[in-house]
Every structure is written in structure tokens, then in C-alpha cells.
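# Observations on chain architecture
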Amino acid sequence: MRLVLVGDIIGKPGRAYLAECFPRIRRELRPDLVVVNVENAAGGMGVTREVVDELLDLGVDVLTSGNHIWDKREVLDFIDCEERLLRPLNYPPGVPGAGAVVVKVHSTRVAVLNASGRVFFPQLLDCPFRALDQALADLAGSYDCAVVDFHAEATSEKVAMGWYLDGRVAAVIGTHTHVQTNDAVILPGGTAYITDVGMTGPYESVIGVSREIIIERFRTQVPSRFQVARGKRQLSAAVVEVEAGKATSMTAMCWRE
Ligand SMILES: [Fe+2]
Ligand SMILES: [Fe+2]
């Protein structure tokens, strides 16, 4: 079974490029399951119902997210009705939405889980290590293979999570920092790991945002409104081959126009 996990979609340029690449993804990568991180998919921040429908219609199977999931307030109105849209599972109890879903791929039940790191994040979320232990225990018996989108800032926290889950899940894919790291590996227990898969959107930018705005912000320390960059686009993804719940190969890829 082949999984394709696509890194953070940045606004309309990211969505348009994903749509343009989708026939090529199908033809060249032949995925059995496509998971896409959508926390920046609507104007660079959050998601709307329309954006979620657009991505599901394209053929994406599961949508993961992260700290930007709540940026468009309307998400609160529909996240409970859309089980294929995940938010990090380590929010406090009672928060709308869910952080895990089990989907059927041919005869294999694949659990997709989404958790957020805590280091350098302002939100006081629950411990992602304990939360993932709990989620995997709760799902025990209902899945044959699991993949985790670990949305975190600190490389140390992400690397630690890879080792922590090694042998228990088929893949731990890092998201959030938007720059693909050169450390894709199959850990000894059979878990595919990458610290960050990278982003999908305009690359002549500062992690997807207009570079002029960000440079000015760093120079002056005056807050300004983020704007999704224009120009040439890229698609960043991880391709993971899974057999009997273990990863057998892992490739990080980036297509650019
Ligand atoms: Fe992001
Ligand atoms: Fe993020």
C-alpha cells in the first residue's frame, strides 16, 4: 500500500498547484491513500467548508491540520460533521472535531492521526506523547496500520516523537515549519519518519508568505498583515510504502514549476 502525505497547502496558489499536480500524482505515484495538511489552505490561514469540499472533490482522502485550524471561525460549524478533517488530538476534552480517523484502503484499515507539538507553541495543549498513546489504545483493534501527522515547531520534539512511535505506527510525518528536511528515514522498528515534509504553495516566499512583508516585519518589528505570496509554486510530499503495518520505503519529494 502506498501513502502520499502532502505538506501544508498555502492558500489558493497551493490548492491550484495541488489540483494541477493531482493527475501526475495518480499517474506517477499511484497512491492508495492521499493525506493533505490543510491548516493554511484558505487564504493562508485555516479552512472553510468550500475549501474542504474542493480538496475532497479532488480526491484527497484525509485532511490534517495544526495550530491554524481555528483561524476561520466557520470551521467550528462543520468540523464535527466532517470526519475526514482532523485537528490535533491533544486539544482539551470537549473541543469540536477529532484528531483521528480510520479509513478503509482496499481491505486495510488505516488510522490517520494528527497531533501538535508543544515546544514554542503558545497554546497549552495536552502532552502529545501521552495523547497519542491514548488515541492508539482507544483505536486498538480497529486499524491495521497507522500514520501520524505530527505538527510541531521544534526538531527535537519531532525527532523524539519519531523514536517514541517507532514500531507502533507506519509513519510519523512532520509538518508546520514548511521547509522540507533532508532526513527521511525508516527507523529500526519500521516507522517512516521525516522532521518536516515541507509546504505546497509559492516558494519564492518566506514559508509561503509574501517575502517583502516578512522581511519588513523582521527589520522593523512592526506587526503587519500576512499575505500569501504569488509566483512559482511547489508541491512537497512524502511517499511511504507500507506492508503489514510497517514502512518498507520512504521518499521525500518536491515538484516545482
Ligand atoms: Fe502550516
Ligand atoms: Fe502550523
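Data block above holds the structure.
This section reports on the structure supplied with the text. (Residues numbered from 1 in each chain as written. Chains lettered and ligands numbered in written order. Predicted model: local features only at pLDDT ≥ 70, side-chain atom pairs only at ≥ 80, totals over all residues. Heavy atoms only, no water.)

### Side note on the coordination of the iron ion (ligand 2)
In the first shell of the iron ion (ligand 2), the protein supplies Glu39 (OE), Glu39 (OE), Asn67 (OD1), His151 (NE2) and His176 (ND1), at 2.1 to 2.7 Å from the metal. Ordering the donors of the iron ion (ligand 2) by residue number gives the pattern E-x27-N-x83-H-x24-H. Its relative accessible area of 1% is what places Glu39 among the buried residues. Taking relative accessible area as the criterion, Asn67 reaches 16% and is therefore assigned buried. (Donors = N, O, S within 2.8 Å, 3.2 Å for Na, K, Ca; no water. Buried < 20%, exposed > 50% of the residue type's maximum accessible area, 1.4 Å probe, protein only.)

### Digging into the packing of helix 1 (residues 11-29) against helix 2 (residues 49-58)
One can describe the packing of helix 1 onto helix 2 by two numbers: an axis separation of 10 Å at closest approach and a directional angle of 15°. Looking at the two axes, helix 1 sits roughly parallel to helix 2. Crossing angle aside, the handedness with which helix 1 passes helix 2 is right-handed. For the pair helix 1 and helix 2, the contacting residues are Arg15, Leu18, Ala19, Phe22 and Arg26 in the first and Val51, Glu54, Leu55 and Leu58 in the second. Considering only residue class, the contact of helix 1 with helix 2 consists of 6 nonpolar, no polar and 3 charged. (Axes fitted to C-alpha atoms, helices over the stretch in contact; angles between N-to-C directions. Helix = DSSP H or I, 4+ residues; strand = E, 2+ residues; numbered from the N terminus. Parallel < 35°, antiparallel > 145°, perpendicular 65-115°, else oblique. Left-handed = near helix turned anticlockwise from the far one by under 90°. Contact = heavy atoms within 4.5 Å. Nonpolar A, V, L, I, M, F, W, Y, C, P; charged D, E, K, R; others polar.)

### Looking at the nonpolar core
Core analysis: the biggest nonpolar cluster contains 34 residues, and Val6, Leu18, Val47, Leu85 and Leu235 have the highest contact counts within it. Broken down by secondary-structure element, the contributors of at least two residues to this core are strand 1 (2-6), helix 1, strand 2 (33-37), helix 2, helix 3 (75-78), strand 11 (233-243) and strand 12 (246-256). Top contributing element to this core by residue count: helix 1, with 6 residues. Aside from chain neighbours lying at most four places away, what touches Leu85 is Val38, Val47, Val52, Leu63, Ile69, Val75, Phe78, Ile79 and Ala98. Counting 24 residues, the second largest nonpolar core, distinct from the first, contains Val62, Val147, Val242 and Ala247. (Core = buried A, V, L, I, M, F, W, Y, C linked by side-chain atoms within 4.5 Å.)

### Some thoughts on the pairing of strand 2
Of all 5 residues in strand 2, 5 are buried; the element is thus mostly enclosed. Residue alternation in strand 2 divides its side chains into two sets, Leu33, Val35 and Asn37 and Val34 and Val36, and both sets are buried. The pairing of strand 1 with strand 2 spans 4 bridges and is classified as parallel. Across the sheet, Leu5 pairs through a bridge with Val35, a residue of strand 2. Strand direction decides the pairing type here: strand 2 and strand 3 (residues 62-64), joined by 3 bridges, are parallel. If you follow Asn37 over to strand 3, its bridge partner there is Thr64. The β-α-β motif built from strand 2, the intervening helix 2 and the parallel element strand 3 has right-handed crossover chirality. (Pairing = 2+ DSSP bridges. Right-handed = clockwise from strand over helix to strand, strands pointing away.)

Structural measurements only, silent on function.
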